[in-house]
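# Remarks on the overall topology
Take a look at the letters that make up each chain.
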Amino acid sequence: MADMPERREPWRRYIVGLAAMTPSNPPNCVPPLATSRRDLLAALAVGSCSMLAAPRRAASSSNLVLGLQLYSLREQLAKDVAQGLAQAHALGFVDVEVFRFYGNSASVFAQKLQKAKLRCRSLMVEFAALSDPSKVIADAQALGATYVTCPWIPHEKVFSAKDCAMAAERFTAAGRAMQAQGVSFTYHIHGYEFEPSREGTLMDTLLRSTPAEFVNYEMDIFWVTRGSGNVVDLLERYPGRFPLVHLKDIAKGTAICAPKGDAPDDTSVPLGSGMIDIPGFLAAAQKAGSKMFFIEDEHPNATKQISVSLRYLKTLGLRPSR
């Protein structure tokens, strides 16, 4: 993969399109999470290979990991790649999701990751790159990544059924090629997919139009919430389809279903301090088969907030994998 563009581009800014109400969401669009911290503990008590109950043992035996999306350290990486990667490790991470190579080839960036004692689990690529799956596969294999993730579907102001059909076709073709080479493909949800459709929303349409054998999804709980989706409802209705997760909380009072198509960076807050029921979500995700959880923090003071998030997750028994 060629050097990724700055995330100032629309698809890299994690823009959310216009969102629609669905029967499963309340009038104010705040997704109700029925699972409490008590439910989390109960689920973990009976669950097999629970990452949350015994994170280090489960992460080793079940491939359940807690890592970092490197976009969280975008400012540091832009100034000095080696220093930015070293900071990721200093925060306590080993596993990362890569979104850009900063002028390096995949093989050279892999060497930099290795020197920083980091390992790439997932590689993000632009939608256009999926037209040449062989190049994407080669980059993923050079990095040692087992997942390739596309973070944005090109579309006009409002995501449409036509956009959805186009993406489903591209994703299926790319996912089939990747699966044949031992790489799994996922699409990162951004919230604009919750426009109404005959299946419920275009998110439902996309899920049902892509075979799980070749295409699965990365749930960003911030953007699903921002876009009027219900994170627990999606997990329960589509178990096994969300192997990857972005853990990111949204500030209390932030407009939900806001039609701006974006969200200020400072609405990204430490986990447990926002409006999302993190314990409830983690219980549902563990039950639904999610495997990799990447903290992503878009706040200008992301480094400080990541430390707060890690301390919070530690109270739930969840630590970065080793």
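Residues numbered from 1 in each chain as written. Predicted model: local features only at pLDDT ≥ 70, side-chain atom pairs only at ≥ 80, totals over all residues. Heavy atoms only, no water.

Burial along strand β12 (residues 292–295) is two-sided: M292 and F294 facing one way and F293 and I295 facing the other are all buried. The pairing of strand β1 (residues 65–69) with β12 spans four bridges and is classified as parallel. Each bridged residue has a counterpart across the sheet, and for G67 the counterpart in β12 is F294. In this sheet, β12 lies alongside strand β9 (residues 244–247) in parallel orientation, the contact comprising four bridges. Bridge pairing in β12 links L244 to M292. (Buried < 20%, exposed > 50% of the residue type's maximum accessible area, 1.4 Å probe, protein only. Helix = DSSP H or I, 4+ residues; strand = E, 2+ residues; numbered from the N terminus. Pairing = 2+ DSSP bridges.)

All right, on to the packing of helix α7 (residues 161–180) against helix α8 (residues 202–209) then. α8 packs onto α7 with a crossing angle of 25° between their chain directions and a minimal axis gap of 9 Å. In this view, α7 runs roughly parallel relative to α8, as classed from their interaxial angle. Between α7 and α8 lies a crossing of right-handed hand. Where α7 abuts α8, its residues A161, C164, A167, A168, F171 and T172 lie against L202, T205, L206 and S209. (Axes fitted to C-alpha atoms, helices over the stretch in contact; angles between N-to-C directions. Parallel < 35°, antiparallel > 145°, perpendicular 65-115°, else oblique. Left-handed = near helix turned anticlockwise from the far one by under 90°. Contact = heavy atoms within 4.5 Å.)

Judged by nonpolar contacts, the single largest core of 89 residues is most densely connected at L70, L113, F171, L206, L247, F281 and L313. The residues contacting L313, other than those within four sequence positions of it, are L66, L247, L271, I278, L282, I295 and L318. Listed in part, the five residues of the second largest apolar core include Y147, L244, M292 and F294. (Core = buried A, V, L, I, M, F, W, Y, C linked by side-chain atoms within 4.5 Å.)

Let us look at the sheet that holds β9. Pairing in this closed barrel of eight strands is parallel, and the strands run β1-β2-β3-β4-β5-β8-β9-β12 around the ring. Each strand axis lies, on average, 30° off the axis of its neighbour in the sheet, ignoring direction. The strands touched by α7 are β4 (147–150) and β5 (184–188); relative to β5, the strand with the most contacts, the crossing angle is about 150°.

Its place among the elements puts D163 in helix α7. With a relative accessible area of 14%, D163 lands in the buried category. With 30 residues separating them in the primary sequence, D163 and E193 have C-alpha atoms 9.8 Å apart. Beyond its immediate sequence surroundings of up to four residues, D163 is in contact with I153, P154, H155, E156 and V158.

Summed over the entire model, instances satisfying the criterion amount to 11 aromatic pairs. Centroid distance F171 to F185: 5.1 Å. Interplanar angle 50°. Geometry classified as tilted. Note that F171 is positioned in helix α7 and F185 in strand β5, a separation of 14 residues in sequence. Aromatic ring contacts, followed pair by pair, group F127, F171, F185, Y187, Y217 and F242 into a single cluster. Of note, R74 hangs over the ring of Y71, and the distance from its end group to the ring centre comes to 4.3 Å. One residue, K248, lies across the ring of F222, its end atom 5.3 Å from the ring centre. (Phe/Tyr/Trp six-rings, centres within 6.5 Å; stacked < 30°, edge-to-face > 60°. Lys NZ or Arg CZ within 6 Å of the ring centre and 35° of its normal.)

On to helix α11 (residues 278–288). Counted residue by residue, α11 has 10 buried out of 11 residues, so it is predominantly covered. Buried within α11 are the following residues: I278, P279, G280, F281, L282, A283, A284, A285, Q286 and A288. Capping of α11 at its N-terminal end is provided by D277; its side-chain oxygen lies 3.0 Å from the backbone amide nitrogen of G280. In the segment just after α11, G289 is the residue with positive phi, at about 95°. (Polar contact = N/O pair within 3.5 Å; in protein donor to acceptor, adjacent residues only side chain to side chain.)

Turning our eyes to something else, we now look at unusual backbone geometry. Phi at Y102 takes a positive value of approximately 55°, unusual for a residue other than glycine. Inspection of the secondary structure assignment puts Y102 in the loop between β2 (95–98) and α5 (106–115). The phi dihedral of S228 is positive, around 90°, even though this residue is not glycine. The exposure class assigned to S228 is buried, which follows from its relative accessible area of 0%.

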